[in-house]
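Chain residues, written in single-letter form:
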Amino acid sequence: VLPALLSASGPTSIKIEGGTHNPMAPPFEFLSEAFTPVLRRMGANIELEMSRYGFAPAGGGSLEARVQPATLTPLSLCERGDLRRRTARAIVSSVPEAVARRELEVIAKRLGFKRDELHMKVVASVGPGNAVWVSLEHEHVTEVFVAFGERPLSAEKVAHNLCSEVHDYLATDAPVGAHLADQLLIPLALAGGGVFRTTAPSSHTRTQLELIPEFLEVLFELTEEANGVHRIELRRRS
């Protein structure tokens, strides 16, 4: 509903309940730390606040979004800039704390995170759950990579999968990861222009590149650069 709220006649406040942390959707931290900051650069005024965690399959989480109407402006996001801060967090609800510790130990070993960059938290939720994520705050963009504990995966396997995703991102100079690229296409289309560089686009992203021009008078240009980096540029259809 965000595109509609951005074009509404007045400010909106909505409450969303359900799974704030599940493997089939962007978790709250991704929305708050990676997605909405880019939208603010494009002129949006969005505030997000989570009051309760909700892990799949039980759900029960709650977040509130406050959105001011805005006309989005084109985005240019082609460089990360210098790394300012990196953080790894692991949370558990009705799951042994040792699970979070083991995940953070893997991150420390594989990615070289220092002790003060690692954080663990026990949270309350309707059902059990475990999530671990890495935030990389660069000068021009913050990227968030998330993994979820689930049977039969060990804590170590969950963390190794996450580290591999972070490693693949850092192996390029693209500022935008695959999941963020997926989220930025509709805002780019609403703005009527813009460009960003990303890691290899997902099949979902490629589908959107074909589908969005069926509804709006825009065209996407996807160009592959070196080292698996892709450039996505939007233009208005003449």
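On a predicted model such as this, the values are computed, not experimentally measured, just so you know.

A. Region of interest: the environment of A70. Looking at the element boundaries, A70 is found in the loop between β3 (61-68) and β4 (75-77). Sequence separation between A70 and A44 is 26 residues, and the spatial gap between their C-alpha atoms is 5.5 Å. Once you skip the residues sitting within four places of it in the chain, A70 turns out to touch L6, G43 and A44.

B. Fine view of the sheet that holds strand β9 (residues 194-198). Taken in spatial order, the four strands make up an open sheet running β4-β9-β11-β10, and their pairing is mixed. Strands with a single pairing partner mark the edges of an open sheet, and in this sheet they are β4 and β10 (218-224). Each neighbouring strand pair of the sheet contributes to a mean axis angle of 20 degrees, computed without reference to strand direction. In terms of strand pairing, β4 meets β9 through three bridges, oriented parallel.

C. Examining unusual backbone geometry more closely. Cis geometry marks the peptide bond from A56 to P57; its omega dihedral reads 5 degrees. Relative to the helices and strands, P57 is located in the loop between β2 (45-52) and β3. The omega torsion of the bond from R151 to P152 falls at 5 degrees, within 30 degrees of zero and hence cis. One can find P152 in the loop between β8 (142-148) and α4 (155-170). The backbone of S94 sits at a positive phi, close to 55 degrees, despite the residue not being glycine. Topologically, S94 is positioned in the loop between β5 (83-93) and α3 (97-111). Unusually for a residue other than glycine, N227 sits at a positive phi of about 60 degrees. Note on placement: N227 falls in the loop between β10 and β11 (230-236).

D. View of the pairing of β11. Two elements, β9 and β11, share five bridges in a ladder whose sense is antiparallel. The residue bridging F196 from the neighbouring strand is I232, located in β11. For β10 and β11, the ladder comprises seven bridges, and the chain directions are antiparallel. Bridge pairing in β11 places F220 opposite L234. The loop that links β10 with its antiparallel partner β11 comprises five residues; one of these, N227, has a positive phi angle of about 60 degrees.

E. Local environment of the nonpolar core. In terms of nonpolar packing, the biggest core is built from 63 residues, with I107, V134, L162, L180, L184, F196 and F220 touching the most fellow members. F220 has contacts with L185, L188, A189, Q208, L209, I212, P213, I232, E233 and L234, leaving out every residue within four places of it along the chain.

Thresholds applied
- Residues numbered from 1 in each chain as written.
- Predicted model: local features only at pLDDT ≥ 70, side-chain atom pairs only at ≥ 80, totals over all residues.
- Heavy atoms only, no water.
- Helix = DSSP H or I, 4+ residues; strand = E, 2+ residues; numbered from the N terminus.
- Contact = heavy atoms within 4.5 Å.
- Pairing = 2+ DSSP bridges.
- Axes fitted to C-alpha atoms, helices over the stretch in contact; angles between N-to-C directions.
- Core = buried A, V, L, I, M, F, W, Y, C linked by side-chain atoms within 4.5 Å.
- Buried < 20%, exposed > 50% of the residue type's maximum accessible area, 1.4 Å probe, protein only.

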